[in-house]
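# Inside the fold
Listed below are the residues making up each chain.
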Amino acid sequence: MSAKAYLSISNEVKAALAAGKPVVALESTIITHGMPYPQNLEMAKNVEAVVRKHGAVPATIAIMDGRFAVGVSGDDLERLALEGGKAAKASRRDVAALLVQGGMAGTTVATTMQIAALAGIAIFATGGIGGVHRGAEDTFDISADLEELSRTPVAVICAGAKSILDIGKTLEVLETNGVPVLGYGTDEFPAFWARVSGHKVDHRFDDVADLAKVVALQIELGMGGVLIANPIPEADALDAASIEARIAEAIRGAETEGVSRKALTPFLLNRIFELTEGRSLKSNIALVENNAKVAAQIAVALAARAQPKPAIRRA
Ligand code: PSU
Ligand code: MN
């Protein structure tokens, strides 16, 4: 049985894919482990609306009842959002076990990429990717997202990486993995809540049609994924110095409480939301919506071209 046997694609997404219409994949760890209820559900619905407004069909991806669900909506979306951190967090290594257990899981960037590729979706919007954690020289904590980007033919539109990570090391690993890091309207790789990080992207593009060309070519060449960095809108950005102090405090808390491995990112996100009294959450939602808009525009540009045919497609 192939991995495709586990796919459950909604009728709307299936019809859009069959007709070559633009589709944008959306992840779900951001729903289960990235934000509290009910803001997570509201965010998920708003992001889908943004994708539609810009001419594409949204496909929220999760593991539901032991299946790869593509186009999660309605009651299922509500169930996932309510379950929150009690649901599993599915990275690549968890997938087979979770399918066997038949449960519900938020899919990380890595797993959402895998499932999107399986379904034939090339464009995926998220908030921030996982990466190399600060202190990784001791902990070895490097997100599986970075490896997935090197092998799975999907373009991920993000607002960079949070500085809960070591952004310099994250970019080094992406370089080692051969992942193109493109800036949309920026020379700098953004730092999630801040528009700048002090680190450059590999290539800057100011036109979504050009980004679509690069994505199509990367996929045609069978060279894996693409990371597109789209800075948070100016009006929603937070003051870099004050957020940095909160991040440092959250990391100290994780160390004191001995939080590590897959629990670390959700712990830090939650602490930072508390420490900023929700301001970080508001910005987080704004940047995801902004990424959904750009992803939809790229998907529209890509659909206007010949459909990319992946040279290699692996689950
Ligand atoms: N970074 C964020 N918000 C998030 C995540 C990362 O700013 O919600 C989620 C994404 O789903 C990402 C995952 O793929 O956390 C990375 O987890 P880990 O570091 O355990 O690989
Ligand atoms: Mn990790």
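Our subject is the structure listed above.
### Some words on the environment of Asn11
Inspection of the secondary structure assignment puts Asn11 in helix α1 (residues 11-18). Along the backbone, Asn11 and Ala144 are 133 residues apart, and their C-alpha atoms lie at a distance of 30 Å.

### Focus: empty space enclosed by the protein
By the definition in use, this model includes one cavity of 30 Å³ or more. Quantified by volume, the largest cavity comes out at close to 80 Å³. Taken together, Leu26, Glu27, Ile30, Ile31, Met43, Ala44, Val47, Thr60, Ala125, Thr126, Gly127 and Val288 make up the full set of residues lining the largest cavity. Here the lining of the largest cavity gets three residues from one element, more than from any other, and that element is helix α3 (residues 39-53). Considered class by class, the residues forming the lining of the largest cavity number eight nonpolar, three polar and one charged.

### Re the site of ligand 1
Near ligand 1 lie 16 residues; those nearest to it are Glu27, Lys89, Ser143, Asp145 and Lys162. Taking Glu27, its side chain carries an N or O atom lying 2.7 Å from an oxygen atom of ligand 1. Burial of ligand 1 by the protein amounts to 94% of the accessible area it has alone, namely 470 Å². Secondary structure elements with two or more residues in the shell around ligand 1: α2 (29-32) and α12 (264-275). Across the shell around ligand 1, the residue classes break down as four nonpolar, eight polar and four charged.

### Here we look at the pattern of salt bridges
This model, assessed by the stated rule, comprises 13 salt bridges. The partner of Glu148 in a salt bridge is Arg92, with the nearest N and O atoms 2.9 Å apart. In this pair, Glu148 sits in helix α8 (residues 145-151) while Arg92 sits in the loop between β5 (88-90) and α5 (95-101), placing the two residues 56 residues apart along the sequence. A relative accessible area of 0% places Glu148 in the buried class. It is possible to trace a salt-bridge network through shared partners that takes in Asp65, Asp76 and Arg79.

### Quick word on the packing of helix α10 (residues 208-220) against helix α13 (residues 279-304)
Viewed as axis vectors pointing N to C, α10 and α13 meet at an angle of 65°, and their least axial separation amounts to 8 Å. In terms of orientation, α10 lies roughly perpendicular with respect to α13. Between α10 and α13 lies a crossing whose hand is right-handed. For the pair α10 and α13, contact is made by Val208, Ala209, Leu211, Ala212, Val215 and Ala216 and by Val294, Gln297, Ile298, Ala301 and Leu302, respectively. Looking at the contact of α10 with α13 residue by residue, the classes come out as ten nonpolar, one polar and no charged.

Rules behind the numbers
Residues numbered from 1 in each chain as written. Chains lettered and ligands numbered in written order. Predicted model: local features only at pLDDT ≥ 70, side-chain atom pairs only at ≥ 80, totals over all residues. Heavy atoms only, no water. Helix = DSSP H or I, 4+ residues; strand = E, 2+ residues; numbered from the N terminus. 1 Å grid on protein atoms, 1.4 Å probe; cavity = no way out; pocket = protein on both sides within 12 Å on 5 of 7 lines; lining within 4 Å. Points joined across faces, edges and corners; volume = space filled by probe spheres on them. Nonpolar A, V, L, I, M, F, W, Y, C, P; charged D, E, K, R; others polar. Near = heavy atom within 4 Å. Polar contact = N/O pair within 3.5 Å; in protein donor to acceptor, adjacent residues only side chain to side chain. Areas by Shrake-Rupley, 256 points an atom, 1.4 Å probe, with all protein chains shown as cover. Salt bridge = Lys/Arg side-chain N within 4 Å of Asp/Glu carboxyl O. Buried < 20%, exposed > 50% of the residue type's maximum accessible area, 1.4 Å probe, protein only. Axes fitted to C-alpha atoms, helices over the stretch in contact; angles between N-to-C directions. Parallel < 35°, antiparallel > 145°, perpendicular 65-115°, else oblique. Left-handed = near helix turned anticlockwise from the far one by under 90°. Contact = heavy atoms within 4.5 Å.

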